[in-house]
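# Structural features, examined
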Amino acid sequence: MSSIIQLLPDHVANQIAAGEVVQRPASVVKELIENAVDAGATNIKLVVKDAGKTLIQVVDNGKGMSVTDARMCFERHATSKIKNADDLFKLHTKGFRGEALASIAAIAHVELKTKQKQDELGTHLVLEGSTIQSQEVAVLPEGTSFLVKNLFYNIPARRKFLKSDTIEFRHIIDEFERVALAHPEIGFTLIHNSSEIFNLPISNLRQRIVSIFGGKMNEKLVPVAEETEIVGIIGFITKPEYAKKNKPEQFFFINNRYVRNSYLHHAVISSYEGLLKDGAQPSYFIFLNVPADSIDINIHPTKTEVKFDEEQSLYAILRSTIKHSLGQFSVSNYLDFERDPMMDIPVDLTKQKAIKPSIEVDPNFNPFKGNSFLNGDEEVYIPVFPGSPKVSSSFNPFENEPKVRTNEKDFVNKSASKNEGSNQTSFKK
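Residues numbered from 1 in each chain as written. Predicted model: local features only at pLDDT ≥ 70, side-chain atom pairs only at ≥ 80, totals over all residues. Heavy atoms only, no water.

### A look at the overall build of the protein
- Counting secondary structure elements, the protein contains ten helices and 17 strands.
- Split into buried and exposed, the 429 residues of the protein put 39% on the buried side.
- Of the contacts formed within the protein by residues at least 6 apart in sequence, a portion of 64% connects residues at least 24 apart.
- Of the roughly 26,900 Å² that the protein leaves accessible, carbon and sulfur atoms contribute 52%. (Helix = DSSP H or I, 4+ residues; strand = E, 2+ residues; numbered from the N terminus. Buried < 20%, exposed > 50% of the residue type's maximum accessible area, 1.4 Å probe, protein only. Contact = heavy atoms within 4.5 Å. Areas by Shrake-Rupley, 256 points an atom, 1.4 Å probe, with all protein chains shown as cover.)

### Digging into the side chain of Ser27
- If you trace the backbone, Ser27 turns up in helix α2 (residues 25-38).
- Residue classification places Ser27 among the buried positions, given a relative accessible area of 11%.

### Considering the packing of helix α8 (residues 262-271) against helix α9 (residues 311-328)
- Interhelical geometry of α8 versus α9 gives an angle of 30 degrees and a closest axis separation of 8 Å. By the angle between their axes, α8 is roughly parallel relative to α9. Two packed elements cross with a definite hand, and for α8 against α9 that hand is right-handed. For the pair α8 and α9, the contacting residues are Tyr263, Leu264, His266, Ala267, Val268, Ser270 and Ser271 in the first and Glu311, Gln312, Leu314, Tyr315, Leu318, Arg319, Ile322, Lys323 and Leu326 in the second.
- Split into classes, the residues belonging to the contact of α8 with α9 amount to nine nonpolar, four polar and three charged. (Axes fitted to C-alpha atoms, helices over the stretch in contact; angles between N-to-C directions. Parallel < 35°, antiparallel > 145°, perpendicular 65-115°, else oblique. Left-handed = near helix turned anticlockwise from the far one by under 90°. Nonpolar A, V, L, I, M, F, W, Y, C, P; charged D, E, K, R; others polar.)

### Description of the sheet that holds strand β9 (residues 221-227)
- The strand order across the open sheet formed by five strands is β9-β10-β13-β11-β12, and the pairing between neighbours is mixed. Two strands lie at the open edges of the sheet, namely β9 and β12 (257-259), each paired on one side alone. Across the sheet, the mean angle separating the axes of adjacent strands is 20 degrees when strand polarity is ignored.
- Both strand β11 (residues 250-254) and strand β13 (residues 284-289) contribute to a ladder of five bridges, which runs parallel. Across the sheet, Gln250 pairs through a bridge with Tyr284, a residue of β13.
- Of the strands in this sheet, β9, β10 (232-238), β11 and β13 are in contact with helix α7 (residues 205-213), which crosses β10 at around 35 degrees.
- Most of the contacts of α9 go to β9, to which it runs at about 135 degrees, and overall it touches β9, β10, β11 and β13. (Pairing = 2+ DSSP bridges.)

### Here we look at the nonpolar core
- Counting residues in each nonpolar core, the largest one holds 61 residues, and the members touching the most others are Leu32, Leu46, Phe74, Val148 and Phe188.
- Residues within four places of Phe188 in sequence aside, it is in contact with Ile33, Ile44, Phe176, Val179, Ala180, His183, Phe198, Asn199, Leu200 and Arg208.
- With 26 residues, the next largest nonpolar core counts Tyr284, Ile317, Ile322 and Leu326 among its residues. (Core = buried A, V, L, I, M, F, W, Y, C linked by side-chain atoms within 4.5 Å.)

### A short note on the pattern of salt bridges
- According to the stated counting rule, one finds nine salt bridges in the structure shown.
- With a closest N to O distance of 3.3 Å, Arg178 and Glu175 form a salt bridge. Highlighted residues: Arg178 and Glu175, both in helix α6 (residues 165-182), separated by three residues, approximately one helical turn.
- Here Glu249 ties to Lys244 by a salt bridge, and the two come within 3.3 Å at their closest N and O atoms.
- On the accessibility criterion, Lys244 (28% relative accessible area) is partly exposed. (Salt bridge = Lys/Arg side-chain N within 4 Å of Asp/Glu carboxyl O.)

### Thoughts on the sheet that holds strand β7 (residues 187-192)
- Overall, mixed pairing links the eight strands, which are arranged β5-β4-β3-β6-β2-β1-β7-β8 in an open sheet. The open sheet has two free edges, formed respectively by β5 (131-138) and β8 (195-200), since each of these has just one partner strand. The sheet shows a mean angle of 10 degrees between the axes of neighbouring strands, direction not considered.
- Of the strands in this sheet, β1 (43-49), β2 (55-60), β6 (143-149) and β7 touch α2, which is tilted by about 10 degrees from β2.
- Sheet strands in contact with α7 are β7 and β8, and its direction is about 165 degrees off that of β8.

### Topic: α2
- Taking 1.5 Å per residue, 14 residues should reach 20 Å; α2 reaches 20 Å between its end C-alpha atoms and fits that length.
- Counting buried positions along α2 gives twelve out of 14 residues, so the element sits mostly inside the fold.
- Within α2 the residues assigned to the buried category are Pro25, Ala26, Ser27, Val28, Val29, Lys30, Glu31, Leu32, Ile33, Glu34, Ala36 and Val37.
- A positive phi of about 80 degrees marks Gly40, the residue just after α2. (Expected span 1.5 Å × (residues − 1).)

### A few points about the pairing of β10
- With six of its seven residues buried, β10 lies for the most part within the structure.
- Here β9 runs beside β10; their pairing, made up of seven bridges, is antiparallel. For Glu227, the partnering residue across the bridge sits in β10 and is Gly232.
- Hairpin connection of β9 to β10: four residues between the antiparallel strands.
- As defined by bridge partners, β10 adjoins β13 across six bridges and the pair is classed as antiparallel. Within β13, the position partnered with Phe236 by the bridge is Phe285.

### Observations regarding the pairing of β1
- With six bridges connecting them, β1 and β7 associate as parallel partners. Within β7, the residue paired with Lys45 across the bridge is Thr189.
- Relative to β2, β1 runs antiparallel, the two being bridged by six bridges. Paired with Lys45 across the bridge in β2 is Val59.
- Remark: five residues form the turn of the hairpin made by β1 and β2, two consecutive strands paired antiparallel; Asp50 in that turn has positive phi of roughly 55 degrees.

### Here we look at the packing of α6 against α7
- In contact at an axis separation of 9 Å, α6 and α7 are set at 160 degrees when each is read in the N-to-C sense. Comparing the axis directions of α6 and α7 gives the class roughly antiparallel. When you trace α6 past α7, the crossing you get is right-handed. For the pair α6 and α7, the contacting residues are Glu177, Ala180 and Leu181 in the first and Leu205, Arg208, Ile209, Ile212 and Phe213 in the second.
- Taken together, the residues of the contact of α6 with α7 sort by class into six nonpolar, no polar and two charged.

Structural data, given as structure tokens:
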């Protein structure tokens, strides 16, 4: 029997790989934007037409590529991120497999323009179905521009299964938001069919969340922060009263990479125990920073699922951190409903130091140095304190009182007589 196993042609292998990496236009957007982030860009512009079916363009001001790198980036498994298998567990970048650009070029028309800062001229490449059609030297600004047209042009069956423009554009927005949230230090712009959808300037995390999801989100946010040896946690959660039943905004980022994790999601929901209505869930934007060698992100083609070395510890830390934030910012239930505002420290006094009161003592003061009066045979003193009214020397407070004095001897005799009489009465009875 003749052999039946044979090697696939490169263009077929690329199309098969593209089926794993490029599922829809949003997959192309994700890969190109993440490459721009890895290139050190501070400004990224995304232009889309017909929900990405006709055109997807990503322009950045990153470090660009040399002529050799511009050609090599379209080869399968060509990457600058890893050199050996151990590097897979020390990743701090977005893309690393080297499959994305090769897969995109296999199923679309691609145009690349790139230039490095130190070069006077840049490189302009045109590809169709993984084949380089032209390569030219061009005058270009610093950075890189990827233009992807006619996605799935050579796989019509795949193009037929794409959803409506509304659904596909929703997926593009989801990928755009995830990268934009992870990098508030980068400015992002999204244009769809010549209409500007997002224009996000460089900002902090809270401002980026508000810029994407609207100004009303600001009053809903509660900050979350914790630092341990296992994990560093920062981000925001929403107050219980703003929990929603229909698709709340929920984002987990591990080392600035968007991930899905049902176990950690349960930790967040359980921390709201007793605070949520039935079926309602809070929104959250939580960033976990863990050692790169303690996670495995190479378990899913889209790299949105991870495995943790200490998953139970992460669960406990995350849950307690969120419960602490809910209590610290007076979101959880408490008993002090009738708080007296008079007990609050004025704002202008919170930063002032306490002033130690001064004490003055008169060493010559004698409380018994004053007027004295006779009450029978006793001499009584009236103390004179500082500030008290002066008493006339002729004044005697006991002058008009009856002078009644009981002699101790008389008292004893009378008591004895009384007892004697009572005893006689008892005896006669």
